[in-house]
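Inside the fold
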Amino acid sequence: MKNLKYIIVLVLVVVTSCSYPKNFTKDFYTGNEATLATLREEYNSLFNEKPFALLFETKDFKNIAFEIITDSIKYIYNFDLTKTNFVDTLSRYHYNVQKMQALIQNMQRIQCTWITKLNYYENFSVRHLILMAIRNRALNSTFKGESYCTLAFFDTPQPIDEYGRFLDRANRIKNRRINGYKLIRIDDKVGYAITKHYR
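Residues numbered from 1 in each chain as written. Predicted model: local features only at pLDDT ≥ 70, side-chain atom pairs only at ≥ 80, totals over all residues. Heavy atoms only, no water.

1. Description of the pattern of salt bridges
Pairing of side chains with opposite charge becomes possible as their charged atoms draw close. Counted according to the given criterion, the structure contains three salt bridges. Where Asp161 meets Arg165, a salt bridge forms, and the shortest distance between an N and an O atom there is 2.9 Å. Assessed through its relative accessible area of 16%, Asp161 is described here as buried. (Salt bridge = Lys/Arg side-chain N within 4 Å of Asp/Glu carboxyl O. Buried < 20%, exposed > 50% of the residue type's maximum accessible area, 1.4 Å probe, protein only.)

2. Considerations on the pairing of strand S1 (residues 52-56)
Of all the five residues making up S1, five are buried; the element is thus mostly covered by neighbouring parts of the structure. Both faces of S1 are covered, namely the face carrying Phe52, Leu54 and Phe56 and the face carrying Ala53 and Leu55. Pairing analysis gives five bridges linking S1 to strand S2 (residues 63-69), with the strands arranged antiparallel. Along S2, the bridge assignment pairs Phe56 with Ile64. Judged from the two bridges that link them, S1 and strand S4 (residues 112-122) form a sheet pairing that is antiparallel. Bridge pairing in S4 places Leu54 opposite Ile115. (Helix = DSSP H or I, 4+ residues; strand = E, 2+ residues; numbered from the N terminus. Pairing = 2+ DSSP bridges.)

3. Quick notes on the packing of aromatic side chains
In the structure shown here, the tally under the stated rule is 12 aromatic pairs. Aromatic pair Tyr43 and Phe47: ring centres 5.7 Å apart, planes at 50°, arrangement tilted. Highlighted residues: Tyr43 and Phe47, both in helix H2 (residues 24-49), separated by four residues, approximately one helical turn. The class of Tyr43 is buried, set by a relative accessible area of 0%. Following the ring pairs from residue to residue traces out a cluster consisting of Tyr43, Phe47, Phe52, Phe66, Tyr77, Phe79, Phe86, Tyr93 and Tyr95. For the cation-ring pair, Lys50 lies above Tyr95, with the distance from its terminal atom to the ring centre recorded as 5.8 Å. (Phe/Tyr/Trp six-rings, centres within 6.5 Å; stacked < 30°, edge-to-face > 60°. Lys NZ or Arg CZ within 6 Å of the ring centre and 35° of its normal.)

Now the structure itself:
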């Protein structure tokens, strides 16, 4: 009987270690909705002036990859934010230094490891999608390792199935996916996926 109890306890520990809190995304989004909205607006405004993407490469959020996007090529630079060469590069490429620093501070505040903007076509019209990847200890597990909450911000309401999953607009049957993971509804224009990759 004692052995059975130990097995049950072990199974519970393993299950707990392999999962993340079911309400994590809802709680995180609700608790940080204002910051996420500000972050999205700041990034979108800066992107529209001069396209770029940002990626934090280390868990201490001090090293960043800065991707400059042009019509023909992408330039990726790596920086230690404790040094001045990042600000120097922003000035050289005519980015708004003050606004960029505010954006980075907001990313650090909510542990946003990656932010980018993508274009896609819908009914022959260009639409826009902003992606953010969030790193949080609550998403880590002993056996599965680190996971990320990827948030997708669409500029128009999206079709959703009866289970709260985003549908592809083309056929309304297939689920929209991010890196192979189904996109789940937060609201009609915001979805999420818990992924093993931050981009």
